Amino acid sequence: MPSETETSTSTPSDDLDDARVDERDQEESDDIARPSHVAGSGTLDRLVDTARDYARAAASENTLKAYAKDWTHFARWCRMKGAEPLPPSPEMIGLYLADLASGSGFSPSQAASRPLSVSTIDRRLSGLTWNYAQRGFTLDRKNRHIATVLAGIKRKHARPPIQKQAILAEDILAMVATLPYDLRGLRDRAILLLGYAGGLRRSEIVSLDVHKDDTPDSGGWIEIFDKGALLTLNAKTGWREVEIGRGSKDQTCPVHALEQWLHFAKIDFGPAFVRTSRDGKRALETRLSDKHVARLIKRTVLEAGIRSDLPEKDRLALFSGHSLRAGLASSAEVDERYVQKHLGHASAEMTRRYQRQRDRFRVNLTKAAGL
C-alpha cells in the first residue's frame, strides 16, 4: 500500500512563511477564552488556562501531532491553489481528497506527489474535521462534494488491510535471547516480555509509572504481587486492568524481568521505563518514547533471524509494535473472552482480527450443511 514520503523543495522564505502561518493557526486552535461580556479576573483567567489544558488532553499526543501535520499539509495545498483554508469549503476539500488519491497534481513539498492509501486519506479528513472544530467551524463530511468523492475513492482504490505479522511465543524467546544482561538489556527484555504477556500497545508500555500519580503524563501504574503484576492503564479505550501472571521460569518471566530492571536501575518513583546514560551504566529520568519500542522490535527480529527467508527490508516492514498484541492473541490457548478482556477490546470481532490465522476453518459450515 502506498505510503506518503515528502522531500522538501521549498525555499527558506517559504518555510518561514509556512511556520508563521502554522503558529498563527495553532494560536487560533487554542482560542478557548472567557466570554467577551464577562469581566476578567484572576480566577477566571486561571480557569481559562485550565480549560485549555483539558482541551489539549482530549486526544493523545500522537493524534494531536498527526492532526497538526494534516492541517499544515492542507493549508499549504490551499495556498498553492490560490485559496484559503478558512472558512471550510466542501468543494475545495473534495478536490483535495481527489488530489491525494490520484497523485496527479503537485504536492506542496515535491514536484510529483504519490497517491495516498484510502486509510491515510480518511485519516487526513478526520484531521481536517478536528482542526476546523478547534477553530469554531463545522465541517459536514456528509456534504456531497466530500462524501461522494470519498465514496468513489474507497470504491476504486480500497484494498484489504495489511496486518503486521504476529510475534509468536518462539519468536519472543528468540528475540530476548539476543539481548545482553547489562542495564539496557534488562530494560529492553522487560519491555518485550511485558508488552507481549500484557498484549500492550507501545504507548501503554512507555507511559507506565511505578506508582499511581507519580507524574502528570502517566498513562498507568504497576502493582507487583506474589503471583504476578497488575497494570492499571489509561488506555485508548478507557481505563482497564491487565493481569500479568508469573512465568514458568525466571529467564522468560515478564514480572521477573520487570523486577530486575527496576531493581538494578534503582527506579522506585516516576516512569517505569527510562533512557540510560551513554555508557549504559545509569538510568536517567527521561521517559522513553514509544518509538523505542518499535525500533527494539525491529532490531531484535533481525538479530533473532525471524523470517530470514525474506529480504531485510521486507522483514522490517512485517513487524511493528502491534506484533506483540497480535502475538499474544494468536498464541494464548484460552477462551477467546479472556483474550478480549486482556486486550481491552469492545467486541470479539476485533479480537479475532488480532488472532492471525489462528481460527481459520475452526467452524466448517460446508460439513455442517451436509456436504
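Here the residue index of a chain counts from 1 through its sequence in written order. Local features are withheld for residues below a pLDDT of 70 in this predicted model, meaning they are given only at 70 or higher, and side-chain atom pairs are given and counted only at 80 or more; totals for whole chains, interfaces and linings count all residues. Side-chain calculation: all heavy atoms of the structure are included, whereas hydrogens and water are not.

- Going by the annotation in an unreviewed UniProt entry, the name recorded for the protein chain is RC232, with Ruegeria sp. PR1b given as the source organism.

1. Focus on the overall build of the protein chain
Now for step 1: Put simply, DSSP marks the helices as runs of H or I at least four residues long and the strands as runs of E at least two long, and each gets a number from the N terminus on. Along the backbone of the protein chain there are 16 helices and 6 strands.
Now for step 2: Across the 371 residues that make up the protein chain, the buried fraction comes to 40%.
Now for step 3: Considering only residue pairs separated by 6 or more positions, the protein chain has 60% of its internal contacts joining residues 24 or more positions apart.
Now for step 4: Surface accessibility in these figures is a Shrake-Rupley result with a 1.4 Å probe; residues are shielded only by whichever protein chains are displayed. With the model as given, the accessible surface of the protein chain reaches about 21600 Å², and the carbon-plus-sulfur share is 53%. Partly exposed residues are those whose accessible area sits between 20% and 50% of the maximum for their type, while under 20% is buried and over 50% is exposed, using a 1.4 Å probe and protein chains only. Working rule for contacts: check all heavy atoms of both residues, and any pair within 4.5 Å makes them a contact.

2. A word on the packing of aromatic side chains
For any two aromatic rings, the description comes down to two numbers: the centre-to-centre distance and the angle of the planes.
Now for step 1: Aromatic pairing here means that ring centres of Phe, Tyr or Trp (its six-membered ring) are within 6.5 Å. Orientation follows from the plane angle: under 30 degrees is stacked, over 60 is edge-to-face, and everything else is tilted. What the rule picks out here adds up to 8 aromatic pairs.
Now for step 2: Between tryptophan 77 and tyrosine 96 the ring centres are 5.1 Å apart and the planes differ by 65°, which places this aromatic pair in the edge-to-face class. Separated by 19 residues along the polypeptide, tryptophan 77 in helix α3 (residues 61-80) and tyrosine 96 in helix α4 (residues 90-102) bring together distant segments of the chain.
Now for step 3: Between arginine 135 and the ring centre of tryptophan 71, over which it is positioned, the NZ or CZ distance is 4.2 Å. Two limits define a charge over a ring: the Lys NZ or Arg CZ must be within 6 Å of the ring centre, and within 35 degrees of the ring normal.

3. Quick word on the pairing of strand β3 (residues 228-235)
Now for step 1: Burial runs high along β3: 7 of the 8 residues are buried.
Now for step 2: Sheet topology note: the strand β2 (residues 220-224)/β3 ladder contains 5 bridges and is antiparallel. Bridged to glutamate 223 within β3 is leucine 230.
Now for step 3: Strand pairing follows a simple DSSP-based rule, namely that at least 2 bridges must link the two strands. With antiparallel pairing between neighbouring strands as the criterion, β2 and β3 make up a hairpin whose turn holds 3 residues.
Now for step 4: Bridge count between β3 and strand β4 (residues 238-245): 8 bridges; the pairing is antiparallel.

4. Description of unusual backbone geometry
Now for step 1: In this chain, leucine 86 is followed by proline 87 through a cis amide linkage whose omega measures -5°.
Now for step 2: Here proline 87 is to be found in the loop between α3 and α4.
Now for step 3: Positive phi is not limited to glycine here, since aspartate 213 has a value of about 65°.
Now for step 4: Along the chain, aspartate 213 turns up in the loop between β1 (208-209) and β2.
Now for step 5: According to the relative accessible area criterion, aspartate 213 is exposed, its value standing at 63%.
Now for step 6: Non-glycine residue arginine 307 carries a positive phi angle of around 55°.
Now for step 7: Along the chain, arginine 307 turns up in the loop between α11 (290-303) and α12 (312-318).
Now for step 8: What makes arginine 307 partly exposed here is its relative accessible area of 29%.

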